[in-house]
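Survey of secondary and tertiary structure
These are the residues of each chain, in order.
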Amino acid sequence: MNILRQFFPISLQLSKCLSTVSTQQSFALLQRKTVPSVRGISTTVPRFELTEFFDDKKHWGEQEVKHGRGWTKDDLRIKSNSDLHQLWFVLLKERNMLLTMEHECKEKMELFPSPERLDKVKESMENLEEVVRERNRAYHELETGKTGERPGKVVPNELGIRFYYRAFEHVIPKYANTKWNERHKFTYGGHAVRKFLRLYRERLYNEKRKLRNRERNEVVHLLRRFPNIDRDTLAQRFPSVDVEKLYKLDKIRLN
């Protein structure tokens, strides 16, 4: 018993030393493991194959794929710039995947399931660009008083058709750039051009007239079939048609 009493304090000191060493080593190991690795922004799972260019295998051979609606401008306006940046790459990946699957289905003479997904992705990307453009305009107008977008003007081309031309930056000035002046001659004239413009305007007028007549006939048909229809809603649906004037016609009221 006396021998045990003599060795007991020594064993306690040894156990304390071993415990301290083990805790220090374990803490160092934990620090090594918990240090986060520096990595760039990525929205994909790291893979070494091209499977992300294809749809999920469970959708192969299906007639329809369940999907949601596109991103509207109201949904995107409440997002931050970093969220919009990440969402743009997500939509870009989705568009590339859908285009790849569409091409593969055409090569194999198969039906591409839910082709409206491409339209929704395209609409979402256009809305996202418009929201980013709104923020850029607001920032530049607040800082400089200008929109910050490329300047432009409405000019006629060689055939006299007016279009909106957006300016570009060039190294050579406009007066000294002979190639630009040769390709962008915003002047027109001659008998052939005047004849073309007359026929072109006539075609546009006929298209508008036919569209106006189609809308008028549709309104007349609706008033004959549903006499108690809400005329205010009908006027909003067909703004180019005078609904009240058509409603006063005898052939509609007598029906």
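For clarity, every value in this text was computed on a predicted model and none was experimentally measured.

1. Structural notes on the side chain of Asn177
For Asn177, the location among the structural elements is in the loop between strand S2 (162–166) and helix H5 (178–183). Accessibility expressed as a relative area gives 12% for Asn177, which makes it buried. Only 3.3 Å separates the side chain of Asn177 from the backbone nitrogen of Trp180, close enough to count as a polar contact. For Asn177, the contacting residues outside a window of four places in its chain are His170 and Ile172.

2. Some thoughts on the nonpolar core
The biggest cluster of nonpolar side chains holds 14 residues, and the ones touching the most others in it are Leu76, Leu84, Leu87, Leu91, Leu98, Phe112 and Leu128. Listing elements by their share of this core, those giving two or more residues are helix H3 (81–107) and helix H4 (116–143). Considering each element in turn, this core owes the most residues, seven residues, to H3. Among residues more than four places away in sequence, those in contact with Leu76 are Trp71, Leu84, Leu87, Ser124, Asn127, Leu128, Val131 and Arg135.

3. Concerning the pairing of strand S1 (residues 152–156)
As defined by bridge partners, S1 adjoins S2 across five bridges and the pair is classed as antiparallel. Counted as the bridge partner of Val155 is Phe163 from S2. Where S1 folds back onto S2 in an antiparallel hairpin, the turn is made up of five residues, including Gly160, whose phi is positive at roughly 85°.

4. Concerning the packing of aromatic side chains
Inspection of the entire model under this criterion finds three aromatic pairs. Consider the rings of Phe196 and Tyr200, whose centres lie 5.9 Å apart with planes at 20°: the pair is stacked. Of this pair, Phe196 and Tyr200 both sit in helix H6 (residues 191–225), separated by four residues, roughly a single helical turn. Residue Tyr200 is classed as partly exposed on the basis of its relative accessible area of 30%. Its guanidinium or amino end placed over the ring of Phe238, Arg237 lies 4.7 Å from that ring's centre, counting from NZ or CZ.

5. Re the packing of H3 against H4
The interhelical angle for the contact between H3 and H4, taken along N-to-C directions, is 155°, at an axis separation of 10 Å. Relative to H4, H3 is oriented roughly antiparallel. Here H3 runs over H4; the crossing is left-handed. Facing Asn81, Leu84, Leu87, Trp88, Leu91, Leu92, Glu94, Arg95, Leu98, Leu99 and Glu102 of H3, the residues of H4 in contact are Arg117, Leu118, Val121, Ser124, Met125, Leu128, Glu129, Val131, Val132 and Arg135. Taken together, the residues that form the contact of H3 with H4 break down as 13 nonpolar, two polar and six charged.

6. Section: a negative patch on the surface
Side chains of Glu64, Glu116, Asp119, Glu123, Glu126 and Glu129 sit close together on the surface and give a patch of like negative charge. Here Glu116 lies in helix H4. Glu116 gets classed as partly exposed once you look at its relative accessible area, which sits at 33%.

7. Focus: a positive patch on the surface
On the surface, Arg209, Lys210, Arg212 and Arg214 cluster together into a patch of positive charge. As for its position among the elements, Arg212 is in helix H6.

8. Things to note about H4
Between its terminal C-alpha atoms H4 stretches 41 Å, which fits the 40 Å expected from 28 residues at 1.5 Å a residue. Of the residues making up H4, those classed as buried are Arg117, Leu118, Val121, Ser124, Met125, Asn127, Leu128 and Val131. Looking at the buried positions of H4, the neighbouring elements they touch are helix H2 (73–77) and H3.

9. Section: H3
Relative to the 39 Å expected for 27 residues at 1.5 Å per residue, H3 spans 39 Å between its end C-alpha atoms, a close match to the ideal helical length. Residues Leu84, Leu87, Leu91, Met97, Leu98, Met101 and Cys105 constitute the buried set of H3. For H3, the elements touching its buried residues are H2 and H4. Looking one or two residues past H3, Met109 carries a phi angle of roughly 60°, positive in sign.

10. Regarding the environment of Ala192
Within the secondary structure, Ala192 is located in helix H6. The class for Ala192 is exposed, based on a relative accessible area of 60%. Sequence spacing of Ala192 and Leu159 is 33 residues, and the spatial spacing of their C-alpha atoms is 9.2 Å.

11. What to know about unusual backbone geometry
Its identity as a non-glycine residue notwithstanding, Met109 has a phi of 60°, on the positive side. Note on placement: Met109 falls in the loop between H3 and H4.

Rules behind the numbers
- Residue indices follow the written sequence of each chain, beginning from 1 at its first position.
- With the structure being a predicted model, the display of local features is reserved for residues of pLDDT at least 70 and the display and counting of side-chain atom pairs for 80 or more, all residues being used for whole-chain, interface and lining totals.
- Heavy atoms from the whole structure form the basis of all side-chain values; hydrogens and water molecules are not counted.
- Numbering of helices and strands runs from the N terminus, with a helix taken as a DSSP run of H or I at least four residues long and a strand as a DSSP run of E at least two residues long.
- Whether a residue is buried, partly exposed or exposed follows from its accessible area with a 1.4 Å probe, protein chains only, as a fraction of its type maximum: under 20%, in between, or over 50%, in that order.
- Whenever two N or O atoms come within 3.5 Å, that pair is a polar contact, provided that in protein one can donate a hydrogen and the other can accept it, and provided that, for residues adjacent in sequence, both atoms are side-chain atoms.
- Contacts are residue-level and defined by heavy atoms, with any inter-residue pair within 4.5 Å sufficient.
- Residue types Ala, Val, Leu, Ile, Met, Phe, Trp, Tyr and Cys, when buried and joined through side-chain atoms within 4.5 Å, form a set referred to as a nonpolar core.
- Pairing between strands requires that DSSP locate at least two bridges from one strand to the other.
- Within 6.5 Å between ring centres, the rings of Phe, Tyr and Trp (the latter by its six-membered ring) count as paired, and their orientation is classed by plane angle as stacked under 30 degrees, edge-to-face over 60, tilted in between.
- A ring is considered to have a charge above it if a Lys NZ or an Arg CZ atom is located within 6 Å of its centre and within 35 degrees of its normal.
- Axis definition: a line fitted to C-alpha atoms, limited for helices to the stretch in contact. Angles are taken between N-to-C directions and run from 0 to 180 degrees.
- Any angle that is under 35 degrees is reported as roughly parallel, and any over 145 degrees as roughly antiparallel; angles of 65 to 115 degrees are reported as roughly perpendicular and all others as oblique.
- Crossing handedness follows the turn of the near helix against the far one: under a right angle anticlockwise gives a left-handed crossing, and clockwise gives a right-handed one.
- Residues are sorted three ways: Asp, Glu, Lys and Arg are charged, Ala, Val, Leu, Ile, Met, Phe, Trp, Tyr, Cys and Pro are nonpolar, and all the rest, Gly among them, are polar.
- Exposure above 30% relative accessible area and the lack of any salt bridge qualify a residue for a patch; like charges then connect within 9 Å, and the nonpolar side chains Val, Leu, Ile, Met, Phe, Trp and Tyr within 5 Å.
- In this description, accessible areas are obtained by the Shrake-Rupley approach with a 1.4 Å probe, and a residue is regarded as covered only by the protein chains that are shown.
- Salt bridge criterion: a side-chain nitrogen from Lys or Arg within 4 Å of a carboxyl oxygen from Asp or Glu.
- His is not counted here, nor are the chain ends, while Lys and Arg score as positive and Asp and Glu score as negative.
- Just so you know, the charge point we use is NZ for Lys, CZ for Arg, CG for Asp and CD for Glu.
- What a helix is expected to span follows from its residue count: subtract one and scale by 1.5 Å.

The values reported here are purely geometric and, on their own, carry no functional implication.
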